[in-house]
Amino acid sequence: MVGGRALRRSRGVVVRVAAVDCGTNSVRLLIADMTDVADVASGAGEPVDIERRMEIVRLGQGVDRTGRLAPEALERTFTAMRSYAKLIAEHAGPSGWMPVRVVATSATRDASNRSEFVAGVTEIFGVEPEVVTGDEEARLSFTGATRGQDTGEPPYLVVDIGGGSTEFVVGSGAVQGALSVDIGCVRLTERHLKGDPPEPETVKAAIADIEAAMDRVEAVVPVRDARTLVGLAGSVTTVAGIVLGLPAYDPARIHHSRIPAAQVHEVSARLLEMTREERAAIPVMHPGRVDVIGAGALILDRIVRRYGFAEVVVSEHDILDGIAWSLV
């Protein structure tokens, strides 16, 4: 067992925590040293990363169509998680224990057989995964992206473009409105963008889905009040890496980069016109994103267009960091 005991702390200590984010496309791990709650509450005490890992497992393979987690997708996910459990044990110190929180999002929310996922994860980590609501996912993403970060002028519109869903959150120090909608790079690719490259009519159908989702967002989230757009997750960071012309993926260069709207539009259009082979040849492209990056870039493009932002501030800190903050 690597987790599962209540966390106790005293003022001035540093607590090592483990956060696991299991999304539709990837499963990620963050082991970090976090300053105790008294310092965190004041905004001080920058976390120190010990391990930050990501594996593309495509847990959400076919979920939009079947409503179930595929056996092979579950096994890919459990294999990655077993390696994460070993890392947690290695970094836990003499006690062999550290606080662990495992959060599962869109694909698991939608799956009729999610009990199989819960049982497997509990066996691996010794803690039951939390299949969080879309609103909770949005709030964790907002915390991870903005807490202790200089991201520009508030209020912020934080958008977390995942595999199965996209979270929209507006706030300054606190959240003013949040909504998760079922548009994500895996879901839209499986639903519409199947060609190589996709046909223009299928791109139009994907855009219609995105616009309909943003209609729902505007009904409950004050997106028009936001002064700064902050973009999270792999689709956004990959677009940033392409715009920056990086020879390889470099989180330090990408984090807090500012990507002009015109370049977001240009890269999105180009990705949708490329073949799979051409996308795979892009230096910053993770192999697991090759087939879904067009949809992810299209979601970002439509958000920038609809709300008239001049640029997007790109953050490498997201829901994974929000999960870590929640442990202290």
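Computed from a predicted structure; not experimentally measured. Residue indices follow the written sequence of each chain, beginning from 1 at its first position. Reporting of local features is limited, given that this is a predicted model, to residues whose pLDDT is at least 70; pairs of side-chain atoms are given and counted only at 80 or more, and all residues count toward the totals for whole chains, interfaces and linings. The basis for every side-chain value is the complete set of heavy atoms in the structure, and neither hydrogens nor water enter the calculation.

(A) Highlighting the overall build of the protein. Along the backbone of the protein there are 14 helices and 11 strands. The buried share of the protein, taken over its 328 residues, is 57%. It only takes one pair of heavy atoms within 4.5 Å for two residues to be counted as in contact. The contacts of the protein with a sequence gap of at least 6 include a subset with a gap of at least 24, amounting to 72%. Accessible areas in this description were obtained via Shrake-Rupley with a 1.4 Å probe; residue shielding takes into account the shown protein chains only. Within the structure as shown, the protein displays about 13,300 Å² of accessible surface, and the carbon and sulfur contribution to it stands at 50%. Neither His nor the chain termini are counted; the positive set is Lys and Arg, and the negative set is Asp and Glu. Here the site of a charge means atom NZ of a Lys, CZ of an Arg, CG of an Asp or CD of a Glu. Placing the 35 positive and 45 negative side-chain charges of the protein at their respective mean positions leaves the two points 2 Å apart. Helix and strand definitions here come from DSSP, where helices need a minimum of 4 consecutive H or I residues and strands a minimum of 2 consecutive E residues; each element is numbered from the N-terminal end. Per-residue accessibility, obtained with a 1.4 Å probe over protein chains only, is compared with the maximum for each type, and a residue is labelled buried under 20%, exposed over 50%, and partly exposed between these values.

(B) Geometry of the nonpolar core. The nonpolar core is taken to be a set of buried Ala, Val, Leu, Ile, Met, Phe, Trp, Tyr and Cys residues, with the residues joined through side-chain atoms within 4.5 Å. Core analysis: the biggest nonpolar cluster contains 54 residues, and Leu157, Phe168, Leu229, Leu271, Leu300, Ile303 and Tyr307 have the highest contact counts within it. Examining the composition of this core, we find that nine residues originate from one element, helix α13 (residues 293-307), more than from any other. If sequence neighbours within four positions are ignored, tyrosine 307 has contacts with Leu157, Phe168, Met214, Glu218, Val223 and Arg224. The next biggest cluster of nonpolar side chains, apart from the first, holds 31 residues, and it includes Leu59, Tyr84, Ala104 and Ala111.

(C) Fine view of the sheet that holds strand β11 (residues 311-315). Across the sheet, which stays open at both edges, the six strands sit in the order β8-β7-β6-β9-β11-β10 with mixed pairing between neighbours. Across the chains shown, the open sheet's two edge strands, defined by having one partner strand only, are β8 (175-181) and β10 (258-260). When the angles between neighbouring strand axes are averaged without regard to direction, this sheet yields 25 degrees. Working convention: axes come from line fits to C-alpha atoms, limited for helices to the stretch in contact. Angles between N-to-C directions cover 0 to 180 degrees. Here helix α9 (residues 234-244) sits on the sheet in contact with β6 (156-161), β9 (228-232), β10 and β11, set at roughly 110 degrees to β11. Strand pairing is assigned whenever DSSP identifies at least 2 bridges connecting the two strands.

(D) Quick peek at the pairing of β8. Extensive coverage of β8 is indicated by the burial of five of its seven residues. Note: strand β7 (residues 166-171) against β8, six bridges, orientation antiparallel. The residue bridging phenylalanine 168 from the neighbouring strand is leucine 179, located in β8.

(E) Focus on unusual backbone geometry. The amide bond that connects proline 154 to the next residue, proline 155, takes the cis arrangement and shows omega of -5 degrees. With respect to the helices and strands, the residue proline 155 is situated in the loop between α6 (134-146) and β6. Backbone torsion omega between aspartate 196 and proline 197 reads 0 degrees, so that peptide bond is classified as cis. The residue proline 197 is located in the loop between α7 (185-191) and α8 (200-220) in this model.

(F) Molecular detail of the sheet that holds strand β4 (residues 100-104). Ordered in space as β3-β2-β1-β4-β5, the five strands form an open sheet in which the pairing is mixed. For this open sheet the edge positions go to β3 (48-56) and β5 (130-131), each flanked by a neighbour on one side alone. Bridging between strand β1 (residues 14-22) and strand β2 (residues 26-35) involves nine bridges; their strand directions are antiparallel. Opposite arginine 16, over in β2, you have aspartate 33 as the bridge partner. Along the sheet, helix α3 (residues 71-91) makes contact with β1, β2, β3 and β4, crossing β2 at roughly 15 degrees.

(G) Region of the structure containing the confidence of the model for the protein. Scored from 0 to 100, pLDDT records how confident the predictor is in each individual residue. Model confidence for the protein is summarised by a mean pLDDT of 91, while 93% of its residues fall at 70 or above. Contacts of residues 4-10 to residues separated by more than four positions or lying in other chains number 13 contacts, the stretch itself having pLDDT below 50. Low confidence marks residues 37-44, where pLDDT is under 50. Its contacts with residues over four positions away, or in another chain, come to nine contacts.

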